[in-house]
Amino acid sequence: MHPAYSVILFTTASGAGYGLLALGSLLALLGVIQPERWLGFALFGIAFALITLGLLSSTFHLGRPERAWRAFSQWRTSWLSREGIIAAFTYAPAGLFAFGWVIFGNISPPWNLAGWITCICAIVTVWCTGMIYASLKTIPNWHHPLIAPLYLLLAIASGSVLLNMVLHLFRQPAEIAGYIAIVSLTAGCLVKLLYWRSIDGAPGTHTAEQATGLGTIGKVRPLEPPHAQPNYVMREMGFAVARKHAVRLRLLAVLFGFTLPIATTVLVLTLNASVGLSILGSVTAFTSMAIGMVIERWLFFAEARHVVTLYYGAQTV
Amino acid sequence: MTMLPEKTDKKLGLVIDLDICVGCHACVTSCKEWNTSGYSAPLTDFNPYGADPHGTWLNRVHTYEAGEGHDGRTVHFPRSCLHCEEPACVTVCPTGASYKREEDGIVLVNPDTCIGCKLCSWACPYGAREYDYAEGVMKKCTLCVDRIYNETIPKEDRIPACVRACPTSARHFGDLGDPKSDVSKLVAKREGYDLMPEMGYKPVNKYLPPRPARDGRATTDTPTRPNAQQGKEPSSGTTSTADKFFAWADTVLSR
């Protein structure tokens, strides 16, 4: 599948934003972090900025962005519609919770209700994003039981690394934020490796013979293409990344996305370093993770093969 | 409205005979000609006379080779929307622009409400939907909905443009939900089949398989492959000492 930058930015940025929103609200509700005004301002500011950037980016992907509001109508069948609705709705409880926190410094009842709803909505939104891809039977790499959990796990991991950085910057370091980052990054890495193993080992179940129905005659191979230059179907669905590049990019994704952020977060937690070094460490963890997530997401699209390629020369998908 | 109708009154669709399609692409150009000024108008082309022409077409004809030797066949393979009974392209649509008509089962895109998210084209295994980069909306075969019910054109023209244009009658149009229709009888007689039935989208359009080769065909003069003979000549040329040396040097240097 063609790795469109707008969709890569959308899924990574909004994933981190919703992760930050959910974890920041949760830790405040549990009393782990204090509802200090400027911390809240930064926390919600960054989360809203990332989410809004992601959603705007996803509308740039549309041919007719001015009609985007129509996407709120088909929640009965469409995961994309469900995602749009929950994503837009999340602004309401999150806005209320942020209002209570930043303006009144108050997250006790009734403001805490908005906080809990924010947590749930953020998680459901990310799950819907994963389901948009997981529901597509035409792309076996995506129609996989680990895709929606992976989206959620990576959103929590990137949100927790971001939260850890914000807490350090505001001199409110909370060990638990570091632990959540380490655990979710490790889990994300393991599930991602498991997923790669699973798709690499899966034999293509769809064949050119099934696609054309000509298997009764024998092996099917293309003789004349239907058009001289790539059409929309080939440009969008026929994107293929060279195997050796994919292997290198996977290594980079693991290195930047998981290994370095885990290592720096562990160092910050264990070394009892000065405030400056702790900030430096948590910023490094976040920067590295952001690079890794973009590579991981680019690969998610670039490595996905669509069954329509069977009509254009692929033997199995 | 992306909820699928429980059942449609008719199942209008195409039956494509792979035995007699000659791959002339008349259906392709006729489809383009009608639809670029019909329901889906316009079907935009980019750089049509340049080095990299591309554009929106609703019908494509591939040519495949299947099988080997005596049993091998060249098969021309037209590919367009199959108007599935359970189309995922419709259910994934977030706006309701994609829909399946209850009265005849035709799958359409409303060009006035499509937001151009392209998800429907991702959901279609058959590559039937082509995005119009200029209009910013998805285009697809309408089964010539603006011809088949059109009382302002002569009766013989009230069939899809591709069917009307086919010089060998390899394309047939009718109600595949009615077992007594000509197309249903044809499918039954010739053992018409579905493309990728394992996807579960229940395509309405059917393909008729190429008939088996007639007895005695090409048994006496099985052609030898031209490249099998050509392949020998250059290899006999590379046996000279100099050529062997260069081949060796090439191998060593490219390590």
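Just so you know, these numbers come straight off a predicted model, no measurement behind them.

Calculation rules
- Residues numbered from 1 in each chain as written.
- Chains lettered and ligands numbered in written order.
- Predicted model: local features only at pLDDT ≥ 70, side-chain atom pairs only at ≥ 80, totals over all residues.
- Heavy atoms only, no water.
- Domains from an automatic or database assignment.
- Helix = DSSP H or I, 4+ residues; strand = E, 2+ residues; numbered from the N terminus.
- Buried < 20%, exposed > 50% of the residue type's maximum accessible area, 1.4 Å probe, protein only.
- Pairing = 2+ DSSP bridges.
- Axes fitted to C-alpha atoms, helices over the stretch in contact; angles between N-to-C directions.
- Parallel < 35°, antiparallel > 145°, perpendicular 65-115°, else oblique.
- Left-handed = near helix turned anticlockwise from the far one by under 90°.
- Contact = heavy atoms within 4.5 Å.
- Nonpolar A, V, L, I, M, F, W, Y, C, P; charged D, E, K, R; others polar.
- Salt bridge = Lys/Arg side-chain N within 4 Å of Asp/Glu carboxyl O.

Student: Whenever I open this one, the domain arrangement of chain B confuses me. Can you help?
Tutor: Domain parsing of chain B yields domain 1 (12-208) and domain 2 (227-255). A straight line from the C-alpha centre of domain 1 of chain B to that of domain 2 of chain B covers 50 Å.

Student: I'm lost on unusual backbone geometry in this one. Help?
Tutor: What is expected of a backbone is that most residues other than glycine have negative phi and most peptide bonds are trans. Of the consecutive residues proline 109 of chain A and proline 110 of chain A, the connecting peptide bond is found in the cis state with omega at 0 degrees. Topologically, proline 110 of chain A is positioned in the loop between α3 (79-104) and α4 (111-134). A cis amide bond links alanine 41 of chain B with the next residue in sequence, proline 42 of chain B, at an omega value of -10 degrees. Locating proline 42 of chain B in the fold gives a position in the loop between α1 (26-35) and β2 (45-46). Unlike most non-glycine residues, leucine 143 of chain B shows phi in positive territory, near 55 degrees. Mapped onto the elements, leucine 143 of chain B comes out in the loop between β9 (137-139) and α4 (145-148). Of the residues examined, leucine 143 of chain B reaches a relative accessible area of 1% and is grouped as buried.

Student: I tried to follow the sheet that holds strand β5 (residues 73-80) of chain B on my own but got confused; where do I start?
Tutor: Adjacent strands of a sheet pair through backbone hydrogen bonds, lying either parallel or antiparallel. Taken in spatial order, the 3 strands line up as β1(A)-β4(B)-β5(B) in an open sheet, and their pairing is antiparallel. The sheet is open, and its two edges are formed by β1 (220-224) of chain A together with β5 of chain B, each paired on a single side. On average, adjacent strands in this sheet sit at an angle of 40 degrees to one another, irrespective of strand direction. Where β1 of chain A and strand β4 (residues 59-66) of chain B come together, 4 bridges link them in antiparallel fashion. Bridging from a neighbouring strand, glutamate 224 of chain A pairs with threonine 63 of chain B of β4 of chain B.

Student: When you look at the environment of arginine 248 of chain A in this model, what are you seeing that I'm missing?
Tutor: Residue and element names in this part refer to chain A. Within the fold, arginine 248 resides in helix α9 (residues 243-271). A residue is classified by how much of its surface remains accessible, and arginine 248, at 54% relative accessible area, is exposed. Spatially, the C-alpha atoms of arginine 248 and isoleucine 262 are 20 Å apart, while their sequence positions differ by 14 residues.

Student: How should the packing of helix α1 (residues 5-29) of chain A against helix α10 (residues 275-302) of chain A be read in this particular structure?
Tutor: For any two helices packed against each other, the geometry is given by the interaxial angle and the distance between the axes. Residues and elements named next belong to chain A. Contact geometry for α1 and α10: axes closest at 10 Å, N-to-C directions at 125 degrees. Looking at the two axes, α1 sits oblique to α10. As α1 packs across α10, the resulting crossing turns out to be right-handed. Counted together, Tyr5, Val7, Ile8, Thr11 and Thr12 of α1 and Met293, Val294, Arg297, Trp298 and Phe301 of α10 form the full contact between these two elements. Residues that form the contact of α1 with α10 fall into these classes: 7 nonpolar, 2 polar and 1 charged.

Student: Help me understand the pattern of salt bridges, please; the structure alone is not making it clear to me.
Tutor: Opposite charge on two side chains permits them to pair, given that their charged atoms come into close proximity. Counted under the stated rule, the structure contains 21 salt bridges over all chains. Between arginine 211 of chain B and aspartate 19 of chain B there is a salt bridge, with its nearest N and O atoms 2.7 Å apart. One end of the pair, arginine 211 of chain B, is in the loop between β11 (206-208) and α7 (226-230); the other, aspartate 19 of chain B, is in the loop between β1 (12-17) and α1, and 192 residues separate them in sequence. The partly exposed category is assigned to arginine 211 of chain B, whose relative accessible area is 40%. Measuring nitrogen to oxygen at the nearest pair gives 3.1 Å for the salt bridge that ties glutamate 86 of chain B to lysine 202 of chain B. Placement of glutamate 86 of chain B in the loop between β5 and α2 (88-91) and of lysine 202 of chain B in the loop between α6 (182-190) and β11 is noted, with a sequence separation of 116 residues between them. Given a relative accessible area of 42%, lysine 202 of chain B falls into the partly exposed group. Residues joined in a network through salt bridges with shared partners are Lys192, Glu296 and Arg297 of chain A.

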